[in-house]
Amino acid sequence: MTATLLRGGHPWGHGAPADILVGDGLIQQVGPALDAPAARVVDVTGQLVLPGLVESHCHLDKTLYGGPWVPHSADDTLAGRIGNDLARRAELGVPSVERIERLLRRMSACGTTHARTHTDIDPGVGLRGVEAVREAAGRVPVTVQQVAFPQHGVLTNPGTAELLEAALKSGVEAVGGLDPAGIDRDPVRHLDLIFGLAERYGAHLDIHLHDGGTLGAWELELITERTKALGLGGRVTVSHAYALGQIDEAHQGRLAEGFADAGVALATGAVYSFPVPPVKKMRAAGVVIACGHDGIRDLWGPYGSGDMLERAMHLAYRSTFRSDPDIELALEAATYGGARALGLTGYGLAAGDRADLVVVPAGGAAEAVVTHPSRSLVMKDGAVLHN
Ligand SMILES: [Zn+2]
């Protein structure tokens, strides 16, 4: 592959403009006025260069993206959305390889180079969602991690536990969980099961937690204790964790310290009207914060564009961030934070890192988030995809 020289950009966090020389899929050099006569030169003078955006929480298998508009009819409860999802799945042809592929292409055009997606696993759909996501992901230059996700319960939905294990055996990278108390009504057995699977298969663990208030906070403690006891730090993420936004500050502080100490990451999409976890406070405590859309144009909700800079804007907006350093925290969640939660290696803007890059016409991180302009260039494994 021909080497590529990005000339004159501002690599995020470098302080001064620097050229980036890419070859063999990696960043070879970063510095001023690099000399590489054989390289293809792309002039990005004055533009911001970011590492590839990381979508840390989506549901590709559910998407209706690229198809006709589907009116939303679910009542606004968790049970209502789950029921609507199940009832209309067959009618709408979900999961659809074509729609997943269209959404992945859109995500790639917006600079997403890595995505973690929660794929429904239940006796009705079996592993069809896993296979559909795998097929679509094979067609698009986005590295996709799947979470085997028991959307309709594990203990309350016989046959699901066996299918979760089958998904892991087939190579799915992570095992999911869902409201161990609120949905499965037995947090100890639920956590026994999914932590057991994560240990046996060396998988990551990513648990949806909608349960609110002190119930949700107690479940967060259970997850933290187990992660620490089993030495699974760095491999466990809690998604949503709305409870964190509903408890008092002292309690938030204790949970944040627990997360940081045990190595539990938090993935948030700042979606809809749910409380947003205190991102700034948790970051200050050393917690890894990742960001994702959750559903994108699916039966759960009509919103979502696939653009992680726009999603970072939503996170900043709902976190009431105004200052540039605060807004930059949202971009961190859509980049480095996501990379840590997903366990990516070789991620960043230093020599030796994988050449997954996005160039944006913005003077800095906060501007990129607030304006989320069209990407000037997207590069994946050293190949220029959009320019
Ligand atoms: Zn979700």
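Residues numbered from 1 in each chain as written. Predicted model: local features only at pLDDT ≥ 70, side-chain atom pairs only at ≥ 80, totals over all residues. Heavy atoms only, no water.

> How would you summarise the overall build of the chain if you had to cite specific residues and measurements?
Tallying secondary structure elements over the chain gives 11 helices and 17 strands in all. For 387 residues, the compact-globule formula gives about 21 Å, and the C-alpha radius of gyration of the chain, at 20 Å, lands near that figure. With the principal axes as the frame, the chain shows a C-alpha extent of 65 × 45 × 40 Å. Across the 387 residues of the chain, 59% fall into the buried class. Within the chain, counting contacts between residues at least 6 apart in sequence, those at least 24 apart form 75% of the total. For the chain, the computed accessible surface area is about 14600 Å², with 52% contributed by carbon and sulfur atoms. (Helix = DSSP H or I, 4+ residues; strand = E, 2+ residues; numbered from the N terminus. Rg over C-alpha atoms; globule rule 2.2 N^0.38 Å. Buried < 20%, exposed > 50% of the residue type's maximum accessible area, 1.4 Å probe, protein only. Contact = heavy atoms within 4.5 Å. Areas by Shrake-Rupley, 256 points an atom, 1.4 Å probe, with all protein chains shown as cover.)

> Give me the coordination of the zinc ion: which residues, what numbers.
Distances from the zinc ion to its protein donors, His57 (NE2), His59 (NE2), His208 (NE2) and Asp294 (OD), fall at 2.1 to 2.2 Å. Coordination of the zinc ion draws on donor residues from a single chain, spaced H-x1-H-x148-H-x85-D in sequence. With histidine 57 in strand β7 (residues 53-58) and aspartate 294 in the loop between β14 (289-291) and α9 (308-318), the pair connects residues that are 237 residues apart, well separated along the chain. In terms of burial, histidine 57 and aspartate 294 fall into one category: buried. (Donors = N, O, S within 2.8 Å, 3.2 Å for Na, K, Ca; no water.)

> So, the nonpolar core: which residues are in play, and what are the values?
Leu50, Phe195 and Leu357 are the most contacted members of the largest nonpolar core, which totals 80 residues. Of all the elements, helix α10 (residues 324-342) adds the most residues to this core, at six residues. In contact with leucine 357, other than residues within four places in its own chain, are Leu6, Ile20, Val22, Ile27, Val49, Leu50, Pro51, Gly52, Leu349, Leu377, Val378 and Met379. (Core = buried A, V, L, I, M, F, W, Y, C linked by side-chain atoms within 4.5 Å.)

> Report on the environment of leucine 342, specifying residues and quantitative values.
Here leucine 342 lies in helix α10. Excluding anything up to four places from it in sequence, leucine 342 contacts Val54, Ser56, Ala115, Arg116, Gln145 and His204.

> Before we move on, can you summarise the pattern of salt bridges with the specific residues and values?
Summed over the entire model, instances satisfying the criterion amount to 20 salt bridges. In this structure, glutamate 101 engages arginine 105 in a salt bridge whose closest nitrogen and oxygen atoms are separated by 3.0 Å. Within this pair, glutamate 101 and its partner arginine 105 are both found in helix α2 (residues 97-109), separated by four residues, close to a single helical turn. Arginine 105 gets classed as partly exposed once you look at its relative accessible area, which sits at 40%. With a closest N to O distance of 2.8 Å, glutamate 135 and arginine 139 form a salt bridge. Note on glutamate 135: relative accessible area 44%, which makes it partly exposed. Since its relative accessible area comes to 35%, arginine 139 is described here as partly exposed. (Salt bridge = Lys/Arg side-chain N within 4 Å of Asp/Glu carboxyl O.)

> Explain the environment of glycine 306 to me, and be specific about the residues and the numbers.
The residue glycine 306 is located in the loop between β14 and α9 in this model. Overall, the relative accessible area of 2% leaves glycine 306 in the buried class. For the pair glycine 306 and alanine 87, spaced 219 residues apart in the sequence, the C-alpha separation amounts to 25 Å. Sequence-distant contacts of glycine 306, that is, excluding residues within four places in its chain, are made with Leu103, Met107, Cys110, Thr112, His293 and Ile296.

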